[in-house]
Amino acid sequence: MATEQKKTTASEKKLRVALTGYVGFDSITGQIEKKLLKRGFAFNLMVVGRSGLGKSTLVNTLFASHLVDSKGLLKTNENGVPIQTTEIQSVSHIIEENGVRLKLTITDTPGYGDQVNNDKCWEPIIKYIKDQYSGFLRKELTPTRDRRIADTRVHAVLFFISPSGHALTPLDINVMRRISEIANVIPVIGKSDSLTIEERTAFKKRIKEEIEYHGIKTFPYADVFVDEDLSGGLGSVLDEEERADRQLVNAIRDVIPFAVVGSEKSVVVDGKAVRGRRTRWGVINVENEDHCEFIALRNFLTRTHLQDLIDVTSMIHYEGFRTKQLLALKEASGN
Amino acid sequence: MSSAVSGEPNSNSTNDANHTIALIQSNVPVQKKKLNGTVGFHFLPNQVHRKSIKKGFQFSIMIVGESGLGKSTLINTLFNAPIAPTRESPKEATNTDSSKAVEINSFTSDIEENGVKLKLTVIDTPGFGDFINNAEAHKPILRSIEERYEHYLEQESRVARKNMVDSRIHACIYFIAPTGHSLKQLDVVFMKELGAKVNLIPVIAKSDLLTDAETKAFKERILEDIKANHIQIYYPAVHDNDDPETVQEIKEIASRIPFAVIGSNQTYEHPPGSGKHIRGRKYPWGLIQVDNEAHCDFIKLRQMLIRSHMEELKEQTLEVLYENHRSQKLVEGFGSPTKNPAKFEEEKRAHETKMAKMESEMKLMFQQKILAEEKKLKQAEEGMYARHREMKNQLEQQRLDLEERKKRLLGGNSASSFNNRGGTPTQKKVVGVAAAGANSDDGKIGAYKKLYVVDVEVDVDVVVGVFAAGIGVVVVTAGVVVGVVVPTVGGVYTHVVVDGVFAAGGVVVGVVVVTVGGVYTHVLVDGVFAADGVVVANEVVILVVVATVSGTYIHVVVDGVTTAGGVVVD
């Protein structure tokens, strides 16, 4: 669609006009910001991975607050019955930082990959993601619809890989591939303090090879740029920014999968209290970039690409789902 | 009762040996004796030691766990030798669905230390827990263990047992992923199945992932899970005669189960600059040492597995686990446990039908034989009856003749008969004795003259003896009276059976009479007449024993009275 627009705008003669005086439409950003601040943001994050990989701890560390309880293996559902299939549990929190309110929804998938027979354990996950899309689509299609439809679509899926040091398991490959077709998947190596630096590098290389071999598309995508220049390439300033963006994306893609360590407890390092893990042979500082890639992940997720994630979900994944659904509906009604 | 103490005091070892022997043979009264001097059997352990060293030792370990938990690295670390190949360079990214089942790979290496040779077999199980569906993961492993027991059992039952190959697994190390929560379902399923069949040693792999507190909580939780699911794992046992040091050591080892281990074969200098090299893993935040007991339980695992309890693990496998398996198998008495129970039922049924068929066949044969036997006996009976009738006729004939003679005699001179009796007995060979009718001249005994030998009438001059008989059947062989069989006579006695007659040179040599009514056994002739008694019934001489020896007769005993000379044989 973006390319189409570009073509039409190219056919129209657009003139770059220089301003002779100050107009003041540069404050539009400020106006938007104020509106956004009033509205607040919503971000839906899903964590997928076997028990014991530190998913809940990482989420708590990422958002520096106790959002999810680490329940452990052999968890039970509300009735106290041990979980036999993958379940979907969502909790929402509203966190605030510098006047910016964020409604954060964390979706956990207990029971995934924990049974002896894990066949089709991914189906509840896929179903949940698609359900959110179809819910949104339905709300969109109703004649009288809300002004602002509450967005419950999953914006990012953190996929946790076990730090075995060898390769991806068949289950991992299978599930990652299926989810990456309908949502943004960010692969993460959980509890990566079990790998030395050399092992980590080798492991990551292997994972990247496997991901490419199986055609799994992980976020950020190398070929998709939502912030296309819609105005038709006005000046080199934007091109430079675009270039910087692309560079950043490539840099991120090099780091993927993120090797992270999570911790809610603080340890004292060099007189400072930081979040980390204390063992007899040393102290792991979660915020130390030499120790693990937690900082990189946090920056990527919250500081640079949060909006990107939401946009890609809405514009690419959701649109793809919508197209398929509407075509199917048309065929169904046409027959 | 112990003998008096004298001489030198005894060493502890002999007392202990006595004590042990007393324990072993508890049903034999053992006397504890003190030695008066040194004997020298305290060198027995040395001899055993020498022999074992010569023979060399053998040990088999199986390692089970998901891939990437450091199994191969741990084995290499334990034995300080590259025994199991580690996957250091990852394979090419391939279609991971290529292998569908758990494989069983076995590596054997010979390692030597201080002159002691050890043949170490490591059995790896790649693919365990790596598939999407792991429900069948434990089955190949269980089957492998049982197959090895079967193999050994079969070898043990062979006739030639010299070269037995022992492939039984002495210990199975199970690697638990360091999740920090609890045991996974797959863990529970596997450990339950295999704990009863093999010495199961659970270890927490890659334990450098957990802090101290997490490790402690994890271990507790694991032990709880193990107890709740009734899983059998190996605990080093304390023996009665261990010294307190050993007991303490063993308790310490047992308290660290399940062992939290790490493995590494890379050495680093630590402390830096000191020149000392230790095995460990180097992280940006520190260096973890494999051989440091404060860092992990590797030392304890090695101690239990190799230094103190290797022999025990072997013993436990051989004596307890293998024997259990063996008794189970032999009680069942059927083939390998891998046979389908349905197939097993089929076989049983086939076997039963076969048995039933054989039974019916045998019954048939038996019946046939009985019929045949009956027929034969019937025929014999018929023959007997025929002969009986014949005999009867003959005797009738005889009777008539005798009647005639009687009439003639009564008519004729009675003196002549007496003269005959008193005179010199004519020499005529007694061929046999024939029973005559009760009617005789003057009612005297022996007044018959006829001898019926198989329907052949033979004249005899002298009555050989008197016996009451109805009809006599003379058994003749080759013209010689072999015996006399006297059947029933009306009411007096049943019959007399002449058991055997000695025939020598065509002449009746002797008569063996077997009595009925049991007075005596037999009579031997040929010069010696030995008669134990006479068969009497109703004061009637039933049987007369006539002894004939080459025509010469000794005497006849009739009713306890020897009448000699009266009967002339020849």
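Residues numbered from 1 in each chain as written. Chains lettered and ligands numbered in written order. Predicted model: local features only at pLDDT ≥ 70, side-chain atom pairs only at ≥ 80, totals over all residues. Heavy atoms only, no water.

Here we look at the overall build of chain A
Secondary structure assignment for chain A yields nine helices and nine strands. Counting all 335 residues of chain A, 44% fall into the buried class. Pairs at least 24 apart in sequence give 72% of the contacts found in chain A among residues at least 6 apart. (Helix = DSSP H or I, 4+ residues; strand = E, 2+ residues; numbered from the N terminus. Buried < 20%, exposed > 50% of the residue type's maximum accessible area, 1.4 Å probe, protein only. Contact = heavy atoms within 4.5 Å.)

Things to note about the interface of chain A and chain B
Taken together, the contact between chain A and chain B spans 44 residues of the former and 44 residues of the latter. Taken together, both faces of the contact between chain A and chain B bury some 4100 Å²; the carbon and sulfur share is 56%. In this assembly, chain A and chain B are joined by 15 residue pairs in polar contact (both at pLDDT 80 or more). Looking at the side of chain A that touches chain B, the elements with two or more residues in it are helix 5 (170–180), helix 6 (197–213), strand 8 (272–279) and strand 9 (282–285) of chain A. In terms of residues, the side of chain A that touches chain B owes the most to one element, helix 6 of chain A, which gives five residues. A per-class count over the side of chain A that touches chain B returns 14 nonpolar, 18 polar and 12 charged. (Buried area = accessible area lost by both parts, 1.4 Å probe. Polar contact = N/O pair within 3.5 Å; in protein donor to acceptor, adjacent residues only side chain to side chain. Nonpolar A, V, L, I, M, F, W, Y, C, P; charged D, E, K, R; others polar.)

A word on the sheet that holds strand 6 (residues 259–260) of chain B
All names here are of chain B. Spatial strand order, 2-3-1-4-5-6: six strands in an open sheet with mixed pairing. Two strands bound the open sheet, and with one partner strand each, they are strand 2 (105–113) and strand 6. Across four bridges, the pairing between strand 1 (residues 57–64) and strand 4 (residues 171–176) is parallel. By the bridge assignment, Val-64 is partnered in strand 4 with Tyr-174. (Pairing = 2+ DSSP bridges.)

Digging into a nonpolar patch on the surface
A grouping of Leu-19, Val-23 and Phe-25 of chain A is seen on the molecular surface, where their side chains present a nonpolar patch of about 350 Å² in accessible area. Among the structural elements, Val-23 of chain A can be located in the loop between helix 1 (2–11) and helix 2 (28–39). (Patch = residues over 30% accessible without salt bridge, like charges linked within 9 Å, V, L, I, M, F, W, Y side chains within 5 Å. Areas by Shrake-Rupley, 256 points an atom, 1.4 Å probe, with all protein chains shown as cover. Salt bridge = Lys/Arg side-chain N within 4 Å of Asp/Glu carboxyl O.)

Here we look at the pairing of strand 7 (residues 266–269) of chain A
All names here are of chain A. Direction of pairing for strand 7 relative to strand 8: antiparallel, over a ladder of four bridges. Looking at strand 8, one finds that Ser-266 is bridged to Arg-275. In this structure, the hairpin formed by strand 7 and strand 8 is closed by a connection of two residues, where Asp-270 is found at a positive phi of approximately 55°.

Side note on the sheet that holds strand 5 (residues 185–189) of chain A
Residue and element names in this part refer to chain A. Judged by pairing direction, the sheet is mixed, and its six strands sit side by side in the order 2-3-1-4-5-6 without closing on themselves. Whereas interior strands pair on both sides, the edge strands pair on one side only; in this sheet they are strand 2 (89–97) and strand 6 (258–259). Where strand 1 (residues 41–48) lies against strand 4 (residues 156–161), four bridges are found, and the strand directions are parallel. Each bridged residue has a counterpart across the sheet, and for Met-46 the counterpart in strand 4 is Val-157. Here helix 6 sits on the sheet and contacts strand 4, strand 5 and strand 6; the angle it forms with strand 5, its principal contact strand, is near 150°. (Axes fitted to C-alpha atoms, helices over the stretch in contact; angles between N-to-C directions.)

A short note on helix 10 (residues 341–411) of chain B
For helix 10 of chain B, which comprises 71 residues, the first-to-last C-alpha distance of 102 Å matches the rise-based estimate of 105 Å (1.5 Å per residue) to within 8%. Taken together, the buried positions of helix 10 of chain B are occupied by Met-391, Gln-394, Leu-395, Gln-398 and Leu-402 of chain B. (Expected span 1.5 Å × (residues − 1).)

A few points about the pattern of salt bridges
On inspection of all chains with the given rule, the structure shows 30 salt bridges over all chains. Asp-151 of chain A is paired through a salt bridge with Arg-153 of chain A; the nearest N and O atoms lie 2.8 Å apart. Residues Arg-279 of chain B and Asp-291 of chain B are paired through a salt bridge, measuring 3.3 Å at the closest nitrogen-oxygen approach. Of this pair, Arg-279 of chain B sits in strand 8 (residues 277–283) while Asp-291 of chain B sits in the loop between strand 9 (286–289) and helix 8 (298–308), and the two are 12 residues apart along the sequence. On the basis of relative accessible area, Asp-291 of chain B is assigned to the partly exposed category, the value being 34%. Salt bridges linked by common partners bring Lys-219, Glu-252, Arg-256, Glu-293, Asp-297 and Lys-300 of chain B together as one network.

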